[in-house]
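# Close look at the chain arrangement
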Amino acid sequence: MRKTVTLPLALAGAAASGLAYAHKVEPNLFRLRRYDVPVLPRGVRPLRILQVSDIHMIPEQYRKVRWLRSLAALEPDFVVNTGDNLSHPDGIGPVLDALEPLMALPGAFVMGSNDYLAAKPLNPTKYLLGGDPSKRTRGQGPMNDWPKLRDGFLKAGWLDLTNRSDRITLPGASGPTIGLLGVDDPHIRRDDYPTAAAHLTETSAGPHSTARALPATDLTLGIVHAPYRRVLDAMSADGLPLILAGHTHGGQLRLPLFGALVTNCDLDRRRAAGLSTYGDSHLHVSAGCGTSRYAQIRFCCPPEATLLTLTPRS
């Protein structure tokens, strides 16, 4: 006599299989996204920027370390790290090891809340419900040894964009001079945009408009960990043509035809990952390549890094 499987058992089996996939498989399906972004002035050679974000390193994540090290083979012109490198106090050494080949290249970084604050157990239900981003504070609790992480980046020559601006001229006969404007993590209210933007000056953005940029640069990029609208609004209002952010994990859990469930900030869900527009700016939000050690799952949202090729405006 043939046995039948009841619907509840079938659903329970499917749920268990989906959870196993989300925990054991997808977090290791590392991929590289590629985008072309037309933001450079005419006559400036294309520029390739590699963005890495939300590594959330835990000791013994050897597969992630190998994948990050392999990205140096792309030979980008510039590397941008948009924060949340850590998910364990002992993750600093593995992060610096993973990024060592990339730190031989020109680069810049901002910090995220998980670089400063030690990860702690979280309530997944609270995360999925989104919470109230307006109630975020500067954060309390045990701290990571974040100065050690920062100093490792600085020793390699990467630029610290913590509430400050800087510029870099890339090598080559026609290497562009790129302005960089970054803020500390808005998720824990450490951002200070007026201080970061103090050196912006007005420049022509077209025959009938002006923008603001760092002097003697071909363009100025905005860099932030968590894409809160108060920061994006300010950067877009100043005419920064491209803003790079992370933090959202692309939603971390996505549903077919629906997309990200949450963004963990006040950015709308449709901009949770990838390239979009925000005001007059291009916005790229990385889905990141890690998870909190207390929520090691991804579904329909593989871990990623992004290679953005900046091209001249048409």
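Whatever comes next refers back to the structure up there.
So, how was this worked out
- Residues numbered from 1 in each chain as written.
- Predicted model: local features only at pLDDT ≥ 70, side-chain atom pairs only at ≥ 80, totals over all residues.
- Heavy atoms only, no water.
- Buried < 20%, exposed > 50% of the residue type's maximum accessible area, 1.4 Å probe, protein only.
- Helix = DSSP H or I, 4+ residues; strand = E, 2+ residues; numbered from the N terminus.
- Pairing = 2+ DSSP bridges.
- Right-handed = clockwise from strand over helix to strand, strands pointing away.
- Axes fitted to C-alpha atoms, helices over the stretch in contact; angles between N-to-C directions.
- Contact = heavy atoms within 4.5 Å.
- Phe/Tyr/Trp six-rings, centres within 6.5 Å; stacked < 30°, edge-to-face > 60°.
- Core = buried A, V, L, I, M, F, W, Y, C linked by side-chain atoms within 4.5 Å.
- Polar contact = N/O pair within 3.5 Å; in protein donor to acceptor, adjacent residues only side chain to side chain.
- Arc of directions from axis to C-beta.
- Patch = residues over 30% accessible without salt bridge, like charges linked within 9 Å, V, L, I, M, F, W, Y side chains within 5 Å.
- Areas by Shrake-Rupley, 256 points an atom, 1.4 Å probe, with all protein chains shown as cover.
- Salt bridge = Lys/Arg side-chain N within 4 Å of Asp/Glu carboxyl O.

### A word on the pairing of strand S2 (residues 47–52)
- Burial analysis of S2 places five of its six residues in the buried class, the great majority of the element.
- Sheet topology note: the S2/strand S16 (residues 304–312) ladder contains five bridges and is antiparallel. By the bridge assignment for S16, Gln 51 is matched with Thr 306.
- As paired elements, S2 and strand S3 (residues 78–81) share four bridges and run parallel to each other. Bridge pairing links Gln 51 to Val 80 in S3.
- As for the winding sense of the linkage, the β-α-β connection from S2 through helix H2 (residues 62–70) to S3 is right-handed.

### A look at the sheet that holds strand S10 (residues 219–223)
- The sheet built from six strands is open, its strands ordered S6-S7-S10-S11-S15-S14 with mixed pairing. Edge strands, defined here as strands with exactly one partner in the open sheet, are strand S6 (164–169) and strand S14 (274–278). When strand polarity is set aside, the average angle formed by the axes of neighbouring strands in this sheet is 25 degrees.
- Where S14 and strand S15 (residues 281–285) come together, five bridges link them in antiparallel fashion. By the bridge assignment, Leu 275 is partnered in S15 with His 284.

### Details of the sheet that holds S2
- If you walk across this open sheet you meet the six strands as S1-S16-S2-S3-S4-S5, and the pairing is mixed. At either margin of the open sheet sits one strand with a lone partner, and together these are strand S1 (31–40) and strand S5 (159–160).
- Each of S3, strand S4 (107–109) and S5 is contacted by helix H6 (residues 146–155), which is oriented at about 160 degrees to S4, the strand it contacts most.

### Observations concerning the packing of aromatic side chains
- One pass over the full model with this rule turns up four aromatic pairs.
- On the basis of an interplanar angle of 15 degrees and a centroid distance of 4.8 Å, the ring pair of Phe 30 and Trp 67 is categorised as stacked. Of this pair, Phe 30 sits in the loop between helix H1 (7–25) and S1 while Trp 67 sits in helix H2, and the two are 37 residues apart along the sequence. For the pair formed by Phe 30 and Trp 67, the shared burial category is buried.
- On the basis of an interplanar angle of 55 degrees and a centroid distance of 5.0 Å, the ring pair of Phe 109 and Phe 153 is categorised as tilted. Here Phe 153 lies in helix H6 and Phe 109 lies in strand S4, a separation of 44 residues in the sequence. Assigned by exposure class, Phe 109 and Phe 153 land together as buried.
- Among the aromatic residues, those joined into a ring-pair cluster are Phe 109, Phe 153 and Trp 158.

### Some points on the nonpolar core
- Formed by 30 residues in total, the largest nonpolar core has its most connected members in Leu 50, Leu 68, Leu 71, Leu 102, Leu 149 and Phe 153.
- For this core, the elements supplying multiple residues, two or more each, are S2, H2, helix H3 (92–99), H6 and S16.
- For this core, the leading source of residues is H3, giving five residues.
- When near neighbours in sequence (up to four residues on either side) are disregarded, Leu 71 contacts Leu 32, Leu 50, Val 52, Pro 76, Leu 102 and Ala 305.
- Core analysis: the second largest hydrophobic core is formed by 23 residues, Phe 78, Leu 161, Ile 223 and Leu 242 among them.

### Overview of the side chain of His 187
- Looking at the element boundaries, His 187 is found in the loop between strand S7 (177–182) and helix H7 (193–196).
- Of the residues examined, His 187 reaches a relative accessible area of 9% and is grouped as buried.
- A distance of 2.7 Å separates polar atoms of two side chains, one belonging to His 187 and the other to Tyr 228.

### Quick word on the side chain of Gln 51
- Its place among the elements puts Gln 51 in strand S2.
- At a separation of 3.0 Å, a polar atom in the side chain of Gln 51 contacts the side chain of Thr 82.
- When neighbours within four sequence positions are excluded, Gln 51 is seen to be in contact with Val 80, Thr 82, Leu 244, Ala 245, Gly 246, His 284, Ser 286, Ala 305, Thr 306 and Leu 308.

### Some remarks on H2
- For H2, the complete set of buried residues consists of Lys 64, Val 65, Trp 67 and Leu 68. End-on view of H2: buried residues confined to an arc of 165 degrees, all on one side of the axis. Exposed and facing more than 90 degrees away from the buried side of H2 are Tyr 62 and Arg 66.
- Those residues of H2 hidden inside the fold are in contact with S1, S2, H3 and S16.

### Let's talk about a nonpolar patch on the surface
- Together, Tyr 21, Val 25 and Leu 29 line one region of the surface with nonpolar side chains, adding up to about 230 Å² of accessible area.
- Looking at where Val 25 falls in the secondary structure, it is placed in helix H1.

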